[in-house]
Amino acid sequence: MWANLARFLRHRGLVQALVVRDLKARYRGSVLGFFWSFANPLLLLLVYTFVFSVVLDGFRPVDIEPYALFLFCGLLPWTWFSSGLTEAGNSLVVNGNLIKKVLFPAEVLPVVAVVANMVHFLLALPILVAALILLAPAAPRLSELVWFPVVVAVQLLLTLGLGLFLAALTVHFRDIKDLLANVLTLWFFATPIIYPMAAVAGRGPEIAGLGPLGKVLMDLNPFAHLAISYQEILFYDGPFGHWKWLLALAAGGAMLFAAGYAFFDRLRDSFAEEV
Amino acid sequence: MSDAVISLRDVSKLYRRYAYQRRFSTLKSALLKGSLASDLRPHEVVRAVDAVTLAVPSGACVGLIGRNGSGKSTLLKLVTGITSPTSGSVEVRGRVAALIELGAGFHPEISGRENIFVNGVMLGRGRREIAKQFDEIVEFAELEDFIDAPVKTYSTGMYMRLGFSVAVHVDPDILVVDEVLAVGDEAFGQKCRDKFSEFKRRGRTILLATHGLNMVERFCDEAIWIDAGRVRAQGDPRRVVHAYTTDVARREEEDIAMKDRRALAAVADLAAVPAAPAAGDGAPRGGEGAGPPGDGAPPGASAAAADRTDPGEGTAAEDGTDAGDGTAAEDGTTPGGGASRGDGAAPGDGTSGEASPGDEPPPGRESSPGDGEVPVPQDMFQATEGRWGAGPVRIERVTIERGGNAAHVFQTGDRLAVRLGFHTPEPVRDFVFGIGIFSADGTCCYGTNTDVEGFEPVELSGSGEVVFAIDSLDLVEGTYKLDVAAHTRRGVQYDYHRLLYTFRVKSHTKDAGIYRPRHQWTFSPNARFGPPPEPVGGGS
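What this report covers is the structure whose coordinates are included nearby.

## What to know about the overall build of chain A
Assigned secondary structure in chain A consists of 13 helices and two strands. The long-range fraction of contacts in chain A, counting pairs at least 24 apart against all pairs at least 6 apart in sequence, stands at 78%. By element, 71% of the accessible surface of chain A is carried by carbon and sulfur atoms, the whole surface being about 12,500 Å².

## Regarding the state of the cysteines
A full pass over the atoms with the stated rule returns zero disulfides over all chains. Not part of a disulfide, Cys445(B) finds its nearest cysteine sulfur in Cys444(B), a span of 6.7 Å.

## What to know about helix α3 (residues 72-80) of chain B
Residue and element names in this part refer to chain B. Among the nine residues of α3, eight are classified as buried, and the element is accordingly described as predominantly covered. Listing the buried residues of α3 in full gives Lys72, Thr74, Leu75, Leu76, Lys77, Leu78, Val79 and Thr80. The positive-phi residue at the C-terminal boundary of α3 is Gly81, with phi of around 90°.

## Digging into the packing of aromatic side chains
Counted according to the given criterion, the structure contains 31 aromatic pairs over all chains. For the ring pair Trp78(A) and Phe223(A), a centre distance of 5.0 Å and an interplane angle of 85° mean the geometry is edge-to-face. Of this pair, Trp78(A) sits in helix α4 (residues 67-94) while Phe223(A) sits in helix α12 (residues 222-234); the two residues are 145 residues apart in sequence, bridging distant segments of the chain. Phe223(A) matches Trp78(A) in its accessibility class, with the two residues each being buried. The interplanar angle of 40° and the centroid separation of 4.8 Å between the aromatic rings of Phe81(A) and Phe223(A) together place this pair among those described as tilted. Of this pair, Phe81(A) sits in helix α4 while Phe223(A) sits in helix α12, and the two are 142 residues apart along the sequence. The buried category is assigned to Phe81(A), whose relative accessible area is 0%. The buried category is assigned to Phe223(A), whose relative accessible area is 0%. Stacked on the ring of Phe219(B), the Lys or Arg Lys200(B) has its end atom at 4.8 Å from the ring centre. Positioned above the aromatic ring of Phe410(B) is the side chain of Arg402(B), whose terminal nitrogen or guanidinium carbon lies 5.0 Å from the ring centre.

## Thoughts on the interface of chain A and chain B
Chain A puts 27 residues into the contact, and the matching count from chain B is 33 residues. Summed over both sides, the interface between chain A and chain B buries roughly 2,800 Å², with carbon and sulfur atoms accounting for 59% of that surface. Linking chain A with chain B are one salt bridge. Two residues, Lys24(A) and Glu114(B), come together in a salt bridge whose shortest N-O distance is 3.1 Å. Going through the elements one at a time, α2 (12-26), α5 (96-101), α9 (176-189) and α13 (243-274) of chain A are the ones with two or more residues in the side of chain A that touches chain B. Per-class residue counts for the side of chain A that touches chain B are 13 nonpolar, four polar and 10 charged.

## As for the sheet that holds strand β14 (residues 416-428) of chain B
All names here are of chain B. On the basis of which strands lie adjacent, the open sheet formed by four strands has the order β12-β11-β14-β17 and antiparallel pairing. Looking at strand neighbours, the two that pair on one side only are β12 (405-406) and β17 (460-470), the edges of this open sheet. For β14 and β17, the ladder comprises 10 bridges, and the chain directions are antiparallel. In the sheet register, Thr424 faces β17, and the bridge partner there is Gly462.

## Details of a nonpolar patch on the surface
On the surface, a cluster of nonpolar side chains totalling about 360 Å² of accessible area is made up of Phe50(A), Val54(A), Val55(A) and Leu56(A). Of note, Leu56(A) is situated in the loop between α3 (35-55) and α4.

## Notes on the pairing of strand β19 (residues 493-506) of chain B
Residues and elements named next belong to chain B. Of all 14 residues making up β19, 12 are buried, and the element is well covered by its neighbours. The pairing of strand β10 (residues 386-388) with β19 spans three bridges and is antiparallel. By the bridge assignment, Arg387 is partnered in β19 with His497. Bridge count for strand β13 (residues 409-411) against β19 is three bridges, and the pairing is parallel. Within β19, the residue paired with Phe410 across the bridge is Val505. When strand β18 (residues 478-487) meets β19, the two strands line up antiparallel, connected through nine bridges. The residue of β19 that forms the bridge with Gly478 is Val505.

## Digging into the pattern of salt bridges
Should the charged atoms of two oppositely charged side chains come close, the side chains can pair. Residue and element names in this part refer to chain B. Inspection of the entire model under this criterion finds 38 salt bridges over all chains. The closest approach of N and O atoms between Asp148 and Arg113, which form a salt bridge, is 2.7 Å. Separated by 35 residues along the polypeptide, Asp148 in the loop between α5 (127-141) and α6 (156-168) and Arg113 in helix α4 (residues 112-122) bring together distant segments of the chain. Note that Arg251 is salt-bridged to Asp247, the shortest N-O span being 3.1 Å. Remark: Asp247 and Arg251 occur in helix α9 (residues 237-271); sequence separation between them is four residues, near one turn of the helix. Here Arg251 falls in the partly exposed class, since its relative accessible area comes to 26%. One salt-bridge network, held together by shared partners, links Asp227, Arg232, Asp247, Arg250, Arg251 and Glu254.

Cut-off values and rules
- Counting of residues starts from 1 at the beginning of each chain's written sequence and follows it residue by residue.
- Chain A is the first chain written and ligand 1 is the first ligand written, with later ones labelled in order.
- Given that the model is predicted, a residue must reach a pLDDT of at least 70 before its local features are reported, and side-chain atom pairs must reach 80 or more before they are shown or counted; all residues, however, enter totals for whole chains, interfaces and linings.
- Heavy atoms throughout the structure, all of them, feed into the side-chain values; hydrogens and water do not.
- A run of DSSP states H or I qualifies as a helix once it reaches four residues; a run of E qualifies as a strand once it reaches two. Both are numbered from the N-terminal end.
- Residue contacts are counted whenever heavy atoms from the two residues lie within 4.5 Å of one another.
- Accessible surface is estimated by sampling points in the Shrake-Rupley manner with a 1.4 Å probe; for residues, cover comes only from the protein chains shown.
- Only a pair of cysteine sulfur atoms within 2.5 Å counts as a disulfide in this structure description.
- Note on exposure labels: buried denotes an accessible area under 20% of the residue type's maximum, exposed denotes more than 50%, and partly exposed covers the range between, all computed with a 1.4 Å probe on protein chains only.
- By convention, a stacked pair of Phe, Tyr or Trp rings (six-membered ring in the case of Trp) has centres within 6.5 Å and planes under 30 degrees apart, an edge-to-face pair has planes over 60 apart, and any other such pair is tilted.
- Should the NZ of a Lys or the CZ of an Arg lie within 6 Å of a ring centre and within 35 degrees of the ring normal, that charge is described as sitting over the ring.
- Buried area is understood as the total, over both parts, of accessible area removed when two parts are fitted together, assessed with a 1.4 Å probe.
- By definition here, a salt bridge exists when the distance from a side-chain nitrogen of Lys or Arg to a carboxyl oxygen of Asp or Glu is within 4 Å.
- Gly falls in the polar group here, along with every residue not listed as nonpolar (Ala, Val, Leu, Ile, Met, Phe, Trp, Tyr, Cys, Pro) or charged (Asp, Glu, Lys, Arg).
- Think of it this way: DSSP has to see at least two bridges between two strands before they count as a pair.
- Surface patches are drawn from residues lacking salt bridges whose relative accessible area is over 30%; two like charges belong together within 9 Å, two nonpolar side chains (Val, Leu, Ile, Met, Phe, Trp, Tyr) within 5 Å.

Structure (structure tokens):
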């Protein structure tokens with residue numbers, strides 16, 4: 001296991017080369033090219049802002065202003081998370097010829113999928129910065145901003161762990177792909193991205209000793225902690241108060257990654273036969 | 001053994017097949033049936049490689065040969081580490097480059113240049129190393145003008161060349177090659193071979209799985225014949241290749257014999273209807289033990305010949321039940337010739353075969369274009385296999401023979417005899433025997449009959465044989481079918497067998513056309529060639 005992990009670190013160069021290849025290939029042949037990395041989140045932001053500011057004006061939580069900025073803080077990381085998982089899940093099946101015909105470290109493929117989407121996320125950050133400058137009533141404090149890379153790292157760990165599980169399972173069960181798409185949609189709406197945590201935390205019947213159902217569900221949802229962390233750091237005023245949850249999530253993410261890697265390793269020999 | 005760079009010890013690889021053939025199984029069904037855990041366990045195993053032990057010394061070039069699905073590719077995958085063995089150990093020392101699929105991992109959207117770097121990294125090299133060799137790689141692939149175009153715009157050949165070029169420039173200690181030379185054009189194949197020769201010169205180890213037996217013989221130091229996952233033979237390439245081709249020929253024999261049996265069985269049913277009156281005493285099928293040899297042997301046939309027809313019929317592959325017998329006999333007699341049944345008969349065969357037509361012909365009627373009829377009228381060239389004719393003469397058995405034994409696979413230049421066993425319930429005074437050889441595409445390679453060759457029929461009665469012998473079968477490699485016929489001089493068919501008998505001609509020379517005339521080349525001293533090639537073809 002540890003030997004494999006050490007070997008995994010030796011594949012840095014390969015991951016890097018493949019990520020660059022993916023990024024180059026993705027927009028090759030399109031007119032706007034890399035601009036799509038900016039344009040996609042911007043358009044997504046416009047759509048959501050339009051829906052919740054114009055179409056569903058009354059349903060929008062009133063105390064969140066500016067709403068577009070709030071939305072953006074959660075939406076960008078979610079996009080990375082969901083497309084990273086989707087692509088990681090498919091990565092082994094799509095690159096079957098690499099696994100069957102070339103001596104190739106299979107774990108690199110889901111990792112590349114997750115990392116490539118992280119790069120997209122990072123490329124879209126300038127838009128977030130611009131939005132902060134234009135819309136935010138007050139600039140986020142530096143003491144909060146230092147947490148930002150930590151949140152990104154925790155999310156990376158979590159996504160990698162899940163991605164390894166999904167990739168290995170998809171080889172054996174091809175319908176994970178369809179299942180995942182729906183689970184992700186549900187997960188999106190079950191996460192405080194388009195609404196604030198406060199809107200659901202008090203809902204539902206009381207669970208013995210743990211608080212209302214709404215809060216329990218949110219506490220159990222790993223991405224909720226990430227979204228809240230992003231929002232607290234970038235959107236809300238005041239000190240970053242969610243750090244305990246974030247560190248707990250980091251520990252959980254590390255465990256998930258280790259478990260995902262072990263699971264992947266366990267099924268490794270079946271890939272070349274089953275892909 | 002000590003300097004072996006590849007050593008496999010008792011290696012087996014089992015491929016697992018899972019429950020319910022679930023190649024495209026779904027999680028849903030697994031959950032519904034509660035069989036998730038059991039589905040992830042193998043259900044049935046296929047032994048692709050079975051207890052193989054072998055060692056490849058450093059600097060050797062080893063060829064793996066064997067039929068499709070014999071386990072060659074799996075063995076290569078085990079050596080390269082793409083799959084791991086189910087049991088046993090694989091030890092490989094040195095950097096391995098696997099040419100198992102060329103250009104695997106190329107991304108179609110990005111340029112050849114970028115793909116070279118990415119592919120190089122995939123094969124375990126640093127970017128700087130690749131940059132150093134970049135020009136060489138491009139030049140070898142002959143893609144200077146296209147290197148910045150996306151790979152998706154490449155032709156298959158360009159794609160393969162680039163894949164090959166990247167892979168061989170990794171400069172491996174061990175090169176593992178799987179049948180890649182089959183792709184690409186002749187020039188590319190030559191280039192690959194040259195590259196391999198260069199590797200060989202530099203003392204690198206090459207493990208090559210191929211169907212190109214010539215290549216194995218010329219190029220490899222050792223050959224390994226894999227059959228059903230096991231090492232069937234190993235050692236000197238010429239010896240191993242010979243053993244392998246012998247086995248292939250034997251399988252072909254069986255295969256053709258079986259197909260002929262099937263074709264014959266199909267038409268025998270059809271022929272039973274019009275032939276009903278004639279079939280009473282000597283039905284085409286099932287007359288094996290009963291009639292022909294016993295009742296009135298024809299005047300020309302000796303007792304020995306009559307004796308021989310009995311077992312001969314067994315191998316003639318006329319009856320489905322004889323399959324086991326026929327093949328077993330074939331096995332025994334082919335290599336040693338020591339089996340009891342063929343021995344005595346073989347010489348007798350040849351002489352009686354030649355003698356019977358030999359004493360009849362009135363010499364001097366060499367060409368008679370007008371009166372003779374070619375056995376196959378023009379419209380019959382369109383006819384597919386079948387059997388027709390009104391009797392009373394029946395051709396009851398047809399065997400294609402070599403040296404008195406039924407055979408279906410010949411070498412160019414071999415001696416071939418077609419033995420027709422006929423029977424007629426009433427004496428006939430007007431009869432012609434004809435024969436036609438057709439290539440697989442229906443071209444008539446040769447057709448003749450006793451009439452055009454000037455044999456004057458006098459009388460045909462009872463049962464007997466006609467042997468058509470070709471001293472040297474000068475046909476090029478291919479599969480051929482036979483027409484045989486008995487008819488009147490005016491062309492009224494007694495019994496016509498259309499394309500019911502098959503034989504295959506093999507040749508070491510890949511010459512073209514249909515017919516190989518006996519020939520030789522002579523050169524003036526200033527047209528210099530290397531040492532003359534081995535004599536090709538069987539008896540020529």
